[in-house]
Amino acid sequence: MQIWPHKHIHTLANFSINDYESVFELANRFDALKNAGTKKIPALQGTLVTSLFFEASTRTKNSFELAAKRLSADVQTFAPSSSSLTKGETIIDTAITYSAMGADTLVIRHSSSYITFEIAKKLDAINAKTSVLNAGDGLHSHPSQGLLDIYTLIKFFSQKTLNPEVLNSKKILIIGDVNHSRVARSNLWALSAFGADIILCGPKTLIPDEFINFLKTPDPNQTEDPVKSRGSITISRSLEESIKIADAIIVLRLQKERMMENLLSSIDSYSLDYGLTPEKLSLNNKEIPILHPGPINRDIEISSKVVDRYPNCLINNQVANGIPIRMALLYLLQKHNK
Ligand code: CP
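The rules behind these values
Residues numbered from 1 in each chain as written. Predicted model: local features only at pLDDT ≥ 70, side-chain atom pairs only at ≥ 80, totals over all residues. Heavy atoms only, no water. Buried < 20%, exposed > 50% of the residue type's maximum accessible area, 1.4 Å probe, protein only. Helix = DSSP H or I, 4+ residues; strand = E, 2+ residues; numbered from the N terminus. Arc of directions from axis to C-beta. Contact = heavy atoms within 4.5 Å. Pairing = 2+ DSSP bridges. Axes fitted to C-alpha atoms, helices over the stretch in contact; angles between N-to-C directions. Near = heavy atom within 4 Å. Polar contact = N/O pair within 3.5 Å; in protein donor to acceptor, adjacent residues only side chain to side chain. Areas by Shrake-Rupley, 256 points an atom, 1.4 Å probe, with all protein chains shown as cover. 1 Å grid on protein atoms, 1.4 Å probe; cavity = no way out; pocket = protein on both sides within 12 Å on 5 of 7 lines; lining within 4 Å. Sits in = over half its atoms within 2 Å of the grid points. Nonpolar A, V, L, I, M, F, W, Y, C, P; charged D, E, K, R; others polar. Domains from an automatic or database assignment. Core = buried A, V, L, I, M, F, W, Y, C linked by side-chain atoms within 4.5 Å. Parallel < 35°, antiparallel > 145°, perpendicular 65-115°, else oblique. Left-handed = near helix turned anticlockwise from the far one by under 90°. Buried area = accessible area lost by both parts, 1.4 Å probe. Salt bridge = Lys/Arg side-chain N within 4 Å of Asp/Glu carboxyl O.

Q: Pulling in residues and values, what's your account of helix α3 (residues 91-100)?
A: For α3, the full list of buried residues reads I92, T94, A95, Y98 and S99. Projected down its long axis, α3 shows its buried positions confined to an angular sector of 160°, all on one face. On its buried side, α3 packs onto β1 (48-53), β2 (74-78), β3 (105-110) and α4 (115-125). G102 lies just past α3 and shows a positive phi near 110°.

Dropping the structure here:
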């Protein structure tokens, strides 16, 4: 395995191909151990993983906590509503407090984009050993979701052994509210790193034309792109035309509050134009894989018939794959700090 270079994980924009491969190789090993009956291993015994979720979560929070337990780490869970946040303590001071209690890794979700950079900077300034792992910050980034999504696709397309190169030149269609999606942004970095050609499909209000230049926008403090050559991004306004040529589809959750912001004329018209149904899927002559990061709005962005009956709907595979991926991330951060 390659040397792991990151003390903190904020984004996939600064992941090299080696970084992705380290994560996938480890996740695959943890997966194989689980399939052979070894669910729990002592790899992180004596370490402390703290989950600081300032925003709701079902999948990410529980998956990170389970991943930490499978590695035998101690797990500490923060509950914002019963914490001293209610007395006015800041988020940064909350993070510093958990670091002082001995947290090796803080897994953080928050509604503010880039807040994990700020927290990590403060911790580094006081020479804390604690790592910060972004579990979703505002619209910016959701790296563990991006990783588990492409791991799921790679597993689907690989023959016998896991081979990330299977994504090269694959046409991956992402449908929906890209502009407000940290998942989509992480998917764009991850998919393009392995040469996938991405089609973004949705109305202009949810996917502005400027999104075509997304991969040219570096993250804070990032001087160069660690990936030499990336796949392309195109934008389509026709779901039917996009489905015809897609090798895989990622459906995004429609954030219903967008209607209140006048970005959509109605939920029904969005569903009619961009909701994924078996009828629209039949325009593609293969049974292509369908992903959705969850939580889903049934019969709005995706039909229940697709979720429950389409053979290659991989939503539950994504959830299951989240555990070994998050085990790999926690393990790599801990090893970096040794
Ligand atoms: N995909 C995802 O982030 O789901 P949760 O909000 O349930 O964690």
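Additional details are given in the paragraphs that follow.
Q: Could you give an account of the sheet that holds strand β5 (residues 171-175), with specific residues and numbers?
A: Spatially, β7-β6-β5-β8-β9 is the arrangement adopted by the 5 strands of the open sheet, whose pairing is parallel. Either end of the sheet is taken by a strand with one partner, and the two such strands are β7 (233-236) and β9 (290-291).

Q: Describe the sheet that holds β1, and please don't skip the residues or the numbers.
A: Pairing between the strands of a sheet is mediated by backbone hydrogen bonds and can be parallel or antiparallel. The 4 strands lie next to each other as β2-β1-β3-β4, forming an open sheet whose pairing is parallel. Every interior strand has two partners, whereas the edge strands, β2 and β4 (131-137), have only one. Across this sheet, the average inter-strand angle for adjacent strands is 15°, counted without regard to direction. Here β1 runs beside β2; their pairing, made up of 5 bridges, is parallel. Each bridged residue has a counterpart across the sheet, and for L48 the counterpart in β2 is D74. The sheet strands contacting α4 are β3 and β4, and the helix crosses β4 at an angle near 165°.

Q: Can you tell me about the site of the ligand, naming the residues and giving the values?
A: Close contacts around the ligand come from S57, T58, R59, T60, R109, H142, Q145, P293 and G294, and that covers them all. Between the ligand and H142 there is a distance of 2.9 Å, counted from an oxygen atom to a side-chain nitrogen or oxygen. When the ligand sits alone it has 250 Å² of accessible area, and the protein chains cover 90% of it. Of all the cavities here, the one that holds the ligand is the largest pocket. Taken together, the residues of the shell around the ligand break down into 1 nonpolar, 6 polar and 2 charged. The residue makeup of the shell around the ligand includes at least three contributed by each of domain 1 (17-141 + 319-336) and domain 2 (145-315).

Q: Please give an account of the nonpolar core that cites residues and values.
A: With 90 residues, the main nonpolar core has Y20 and I249 as its most contacted residues. Considering every element that reaches this core, the biggest residue donor is helix α12 (residues 315-337), with 9 residues. When we break this core down by domain, the ones giving at least three residues each are domain 1 (17-141 + 319-336) and domain 2 (145-315). Every residue in contact with Y20, bar those within four places of it in the chain, is listed here: L12, F15, L147, I150, W189, A190, A193 and F194. Of all hydrophobic cores here, the second largest spans 16 residues; its members include L48, A95, L106 and A128.

Q: So, the packing of α3 against α4: which residues are in play, and what are the values?
A: Where α3 contacts α4, the axes come no closer than 10 Å and their chain directions differ by 50°. Taken together, the axes of α3 and α4 lie oblique to each other. Crossing of α3 over α4 shows right-handed handedness. Contacts between α3 and α4 involve I91, I92, A95, I96 and S99 on the former and, on the latter, I115, E118, I119, K122 and L123. Here the contact of α3 with α4 is built from residues that sort into 7 nonpolar, 1 polar and 2 charged.

Q: Please provide a residue-by-residue account of the domain arrangement of the protein, values included.
A: In terms of domain boundaries, the protein breaks down into domain 1 (17-141 + 319-336) and domain 2 (145-315). On a C-alpha basis, the centroid separation for the pair domain 1 and domain 2 is 25 Å. On the domain 2 side, the residues contacting the 25 residues of domain 1 number 26 residues. Counting each side, the surface lost to burial between domain 1 and domain 2 is near 2200 Å², with a carbon and sulfur contribution of 61%. Broken down residue by residue, the surface that domain 1 buries against domain 2 is led by Y20, F24 and L139, which jointly contribute 30%. Linking domain 1 with domain 2 are 2 salt bridges.

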